[in-house]
Amino acid sequence: MKKLLFALSVATCLNANAQTNVCFSTATTFTTGNSNPSCIISTDLNGDSKKDLVTINGHAANNVSRLIGTGTGSFGVATNFTSGLQPQQGICADFNADGKVDVVTANAGANTISILLGNGAGSFGATTSYTAGSGPLAVVSADFNSDTKLDLAAVSSSGLAILLGTGTGTFGTATHYTVSGSLDAITSADFNGDGKADLALTNSSLNTVSVLLNTGTGTFGTATNFTVGTMPYSVISADFNGDGKTDLATANQTSNDVSILLGTDTGTFGTATNFTVGTTPYSVTSADFNNDTKADLAVVNRGSNNISVLAGTGTGSFGAASTFSVGSGPESITSADFNGDGAIDLAVSNGSTNTVSILLNCILTDINQLTNTNNQLNIYPNPAQNNFTVEVSNNQKQLLTIFDINGKQVLSQTIQGTTNIDASSFSAGVYNISITGNNSFSNRKLVIVN
């Protein structure tokens with residue numbers, strides 16, 4: 001698990017926005033060498049505690065690229081591994097419980113989901129594929145039937161497919177659900193507070209997000225639709241207003257905005273609030289980019305070859321977008337600390353130039369800007385099972401972010417003083433807990449057991 005280390009060098013701050021205090025350096029470009037990297041994922045493939053990148057390469061490439069990180073914000077030459085036909089999106093996780101990161105792709109040209117099992121050294125075995133509806137476009141993983149094994153959910157033109165995992169890297173036959181409209185993206189979180197992983201799907205033809213609540217047995221109820229902007233193409237979940245309830249954000253291609261839907265913790269959402277970004281937003285991610293303990297947004301704008309970063313207010317609202325240039329035809333975005341300075345950086349896949357753009361965060365211009373407050377943080381019990389307590393002795397509002405072993409954010413919420421965290425939906429494994437305040441940070445490991 002990666003530890004946050006602060007570099008002793010002073011970063012150069014370029015493209016800073018003083019009003020929102022968002023700062024990213026000019027993008028550095030790395031080649032994938034393949035046609036149309038339509039999806040990008042950050043994870044640690046070789047266990048060296050440095051973030052690596054995986055791109056899903058569609059069209060004629062039919063493969064995934066691996067770029068090993070140096071821990072300084074740069075990456076090695078891409079190595080390619082065969083996937084299914086015309087992969088569109090993908091995810092990284094440990095599907096066979098061997099402690100090594102695997103890759104799953106949604107293959108629109110083959111009507112399949114493919115899994116490539118990792119060897120822990122940055123390489124992958126042969127592809128195994130499973131039928132998953134007509135032209136699957138996106139996939140997400142979670143434990144849908146409460147057996148502590150990772151399952152898969154994929155969206156396609158024919159609806160939703162659920163594939164239950166065996167815990168050995170294999171999956172059962174897909175169960176299909178009909179969901180009206182044209183489905184493009186999917187995310188999973190607990191939307192009604194029952195400890196079960198639910199689903200939210202973007203519906204670009206109806207301009208909605210479809211939410212399906214989990215029964216806990218691997219089956220899902222009927223979709224409930226919530227209106228967002230025009231032609232939503234990406235969806236994520238996070239706590240944008242610090243109330244401990246899971247919210248949603250969508251990137252909307254035609255209306256050139258992002259929609260925020262605040263959750264009620266009952267499986268329903270309030271009316272969407274829209275925030276303007278660039279032209280043809282394709283992908284959205286969330287993290288605390290300016291170290292103010294509030295969740296921010298970063299959006300890929302395919303039509304304007306840039307990204308928009310919107311600083312969160314902590315109330316579910318966002319400031320005006322700051323714009324940063326990337327490569328041509330950007331399609332996907334991910335966030336992680338790529339150079340070990342404790343600030344969250346960005347990586348963008350550029351479909352038209354077959355490249356990856358890395359934008360290093362320069363909000364931390366000096367190591368002395370943040371104070372390590374680990375001695376003020378207490379987490380118990382650890383190891384934990386269904387819940388644990390986070391105790392921050394300074395009693396100030398701070399942002400709690402939890403990442404799994406693959407670097408995927410599983411929880412983000414504002415805490416103060418002593419806070420009980422529901423971990424009943426967490427899979428067994430090691431997690432990284434990051435707590436940031438206005439001028440401080442804390443970082444701890446947490447172990448979840450069955």
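Here the structure is shown first, and the text comes after it.
Basis of the calculations
In this convention, every chain numbers its residues from 1, walking through the sequence in written order. This being a predicted model, a pLDDT of at least 70 is required before a residue's local features are given, and a value of 80 or more before pairs of side-chain atoms are given or counted; all residues contribute to the totals for chains, interfaces and linings. Hydrogens are left out, water is left out, and the side-chain values use all remaining heavy atoms of the structure. The way it works is that DSSP assigns letters per residue, a run of H or I at least four long becomes a helix, a run of E at least two long becomes a strand, and they are numbered from the N terminus. We compute the radius of gyration from the C-alpha atoms alone; for a globule the expected value is 2.2 Å times N to the 0.38, where N is the number of residues. Any two residues whose heavy atoms approach within 4.5 Å are treated as being in contact. At least two bridges found by DSSP between two strands are what make those strands a pair. What counts as an axis is a line fitted to C-alpha atoms, over the stretch in contact for a helix, and the angles between N-to-C directions run from 0 to 180 degrees. Classification of residues uses two cut-offs on accessible area relative to the type maximum, computed with a 1.4 Å probe and protein chains only: under 20% is buried, over 50% is exposed, and between them is partly exposed. The pairing test for Phe, Tyr and Trp rings, Trp by its six-membered ring, is centres within 6.5 Å, and the orientation test on the planes gives stacked under 30 degrees, edge-to-face over 60, and tilted for anything in between. Any pair of N or O atoms that falls within 3.5 Å is considered a polar contact. Within protein, one atom must be able to donate a hydrogen and the other to accept it, and sequence-neighbouring residues count only if both atoms are side-chain atoms. Only a pair of cysteine sulfur atoms within 2.5 Å counts as a disulfide in this structure description.

K.L.:
Describe in detail the overall build of the protein chain, supporting the description with residues and values.
P.N.:
Of regular secondary structure, the protein chain possesses zero helices and 38 strands. In terms of C-alpha radius of gyration, the protein chain reaches 20 Å, essentially the compact-globule figure of 22 Å for 450 residues. Its C-alpha atoms give the protein chain principal-axis dimensions of roughly 55 × 45 × 45 Å. Of the contacts formed within the protein chain by residues at least 6 apart in sequence, a portion of 48% connects residues at least 24 apart.

K.L.:
Run through the sheet that holds strand β14 (residues 159-163), naming residues and quoting values.
P.N.:
Across the sheet, which stays open at both edges, the four strands sit in the order β12-β13-β14-β15 with antiparallel pairing between neighbours. Pairing within the sheet leaves two strands with one partner each, and these edge strands are β12 (138-142) and β15 (175-177). Each neighbouring strand pair of the sheet contributes to a mean axis angle of 20°, computed without reference to strand direction. Pairing analysis gives five bridges linking β12 to strand β13 (residues 151-156), with the strands arranged antiparallel.

K.L.:
Can you break down the pairing of strand β10 (residues 112-116) residue by residue, with the values?
P.N.:
Among the five residues in β10, five count as buried, and that is most of the element. Every second residue of β10 is oriented toward a common face, with T112, S114 and L116 on one face and I113 and I115 on the other, all of them buried. As paired strands, strand β9 (residues 102-107) and β10 are joined by five bridges and run antiparallel to one another. In the sheet register, A106 faces β10, and the bridge partner there is I113. Turn length for the β9-β10 hairpin, with the two strands adjacent in sequence and antiparallel, is four residues, and the turn residue N111 shows positive phi of about 60°. Of the pairings in the sheet, the one linking β10 to strand β11 (residues 128-131) comprises four bridges and is antiparallel in character. Directly across from I113, in β11, lies its bridge partner Y130.

K.L.:
How would you sum up the packing of aromatic side chains? Please name residues and give values.
P.N.:
This structure, assessed with the given rule, holds 15 aromatic pairs. Note on F30 and F75: the rings are 5.6 Å apart at their centroids and 80° apart in plane angle, and the pair reads as edge-to-face. With a gap of 45 residues between them, F30 in strand β3 (residues 28-31) and F75 in the loop between β6 (63-67) and β7 (79-82) connect regions that are remote in the sequence. Looking at F75, the relative accessible area reads 8%, which means it is buried. Between Y130 and F171, the aromatic rings sit 5.8 Å apart at their centres with planes inclined by 85°, giving edge-to-face as the arrangement. Taken together, the residues span a long stretch of sequence, with Y130 in strand β11 and F171 in the loop between β14 and β15 at a distance of 41 residues. Considered together, Y130 and F171 belong to a single accessibility category, that of buried residues.

K.L.:
Could you give an account of the side chain of T355, with specific residues and numbers?
P.N.:
As for its placement among the helices and strands, T355 is situated in strand β30 (residues 355-359). For T355, the side chain forms a polar contact with the side chain of T353, separated by 2.8 Å. Not counting the four nearest positions on each side in its chain, T355 is found in contact with T29, F30, T31, T32, P37, V348, S349 and N350.

K.L.:
Any chance you could break down the state of the cysteines for me, citing the residues and the numbers?
P.N.:
Evaluated as defined, the whole model comprises one disulfide. Here C23 pairs with C362 through a disulfide, and the sulfurs are 1.9 Å apart. Every disulfide takes its handedness from the sign of the S-S torsion; for C23 and C362 that torsion is -90°, giving left-handed. Here C23 is found in strand β2 (residues 22-23), whereas its partner C362 is found in the loop between β30 and β31 (371-372), with 339 residues between them in sequence. Across the pair, C362 and C23 agree in class, each one buried. Free cysteine: C39, not disulfide-bonded; nearest cysteine sulfur from C92 at 8.5 Å.

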